Amino acid sequence: MEVRVNTLLTLNDLVSTLDKHAVLDVLQTVQRCTAVDRSLPTLICMLEITNSFFKQLIVLLSQFATEHVLPLLTPLLVA
């Protein structure tokens, strides 16, 4: 169990550097780990990883909004 928890913590540290396909692979790995082991340390690591994914998603959405949505709305606000 200790190796599993340390692996999940390492994956959590890498979340900010992963692309879409790697994120899906990590999510599948987390799903497999929780299917085998539902101990408290494993579940806490799973929650930390999903929280990191959501934080990364918010960053990506804000970048998308800055690059694509704001340029569309700005002329409408001035008119």
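Our subject is the structure that appears above.
Since the model is a prediction, treat every value here as computed from it, not as a measurement.

Participant: I would appreciate a short explanation of the overall build of the protein in the present structure.
Facilitator: What the protein contains, in helices and strands, is three helices and zero strands. Sequence-ordered secondary structure for the protein, helices as α and strands as β, is α-α-α. The C-alpha radius of gyration computed for the protein amounts to 17 Å, which surpasses the reference 12 Å derived for 79 residues by more than 25%, pointing to a less compact arrangement than a globule. Dimensions of the protein along its principal axes, counting C-alpha atoms only, are 60 × 20 × 20 Å. Put simply, the protein has 79 residues, and 22% of those count as buried. Restricting to contacts in the protein with at least 6 residues of sequence separation, those with at least 24 account for 70%. Roughly 6,000 Å² of accessible area belongs to the protein as shown, and the carbon and sulfur atoms make up 67% of that amount. Once the 5 positive and 7 negative side-chain charges of the protein are each reduced to a mean point, those two points are 8 Å apart.

Participant: Looking at this structure, how should I read a nonpolar patch on the surface?
Facilitator: Residues Phe64, Val69, Leu70, Leu72, Leu73, Leu76, Leu77 and Val78 make up a contiguous nonpolar surface patch of roughly 860 Å² in combined accessible area. Locating Leu76 in the fold gives a position in helix H3 (residues 40-78). With a relative accessible area of 63%, Leu76 lands in the exposed category.

Participant: Where do I start with the layout of surface pockets in this structure?
Facilitator: Regions of empty space are outlined by a rolling probe, equal in size to a water molecule, passed over the atoms. Within this model, the largest pocket holds a volume of roughly 200 Å³. Val15, Leu18, Lys20, Val23, Leu24, Leu27, Thr50, Phe53, Phe54, Gln56, Leu57 and Leu60 together form the lining of the largest pocket. Where the lining of the largest pocket is concerned, the elements lending two or more residues are helix H2 (20-36) and H3.

Cut-offs applied
- Residues numbered from 1 in each chain as written.
- Predicted model: local features only at pLDDT ≥ 70, side-chain atom pairs only at ≥ 80, totals over all residues.
- Heavy atoms only, no water.
- Helix = DSSP H or I, 4+ residues; strand = E, 2+ residues; numbered from the N terminus.
- Rg over C-alpha atoms; globule rule 2.2 N^0.38 Å.
- Buried < 20%, exposed > 50% of the residue type's maximum accessible area, 1.4 Å probe, protein only.
- Contact = heavy atoms within 4.5 Å.
- Areas by Shrake-Rupley, 256 points an atom, 1.4 Å probe, with all protein chains shown as cover.
- Lys, Arg positive; Asp, Glu negative; His and termini not counted.
- Charge placed at Lys NZ, Arg CZ, Asp CG, Glu CD.
- Patch = residues over 30% accessible without salt bridge, like charges linked within 9 Å, V, L, I, M, F, W, Y side chains within 5 Å.
- Salt bridge = Lys/Arg side-chain N within 4 Å of Asp/Glu carboxyl O.
- 1 Å grid on protein atoms, 1.4 Å probe; cavity = no way out; pocket = protein on both sides within 12 Å on 5 of 7 lines; lining within 4 Å.
- Points joined across faces, edges and corners; volume = space filled by probe spheres on them.

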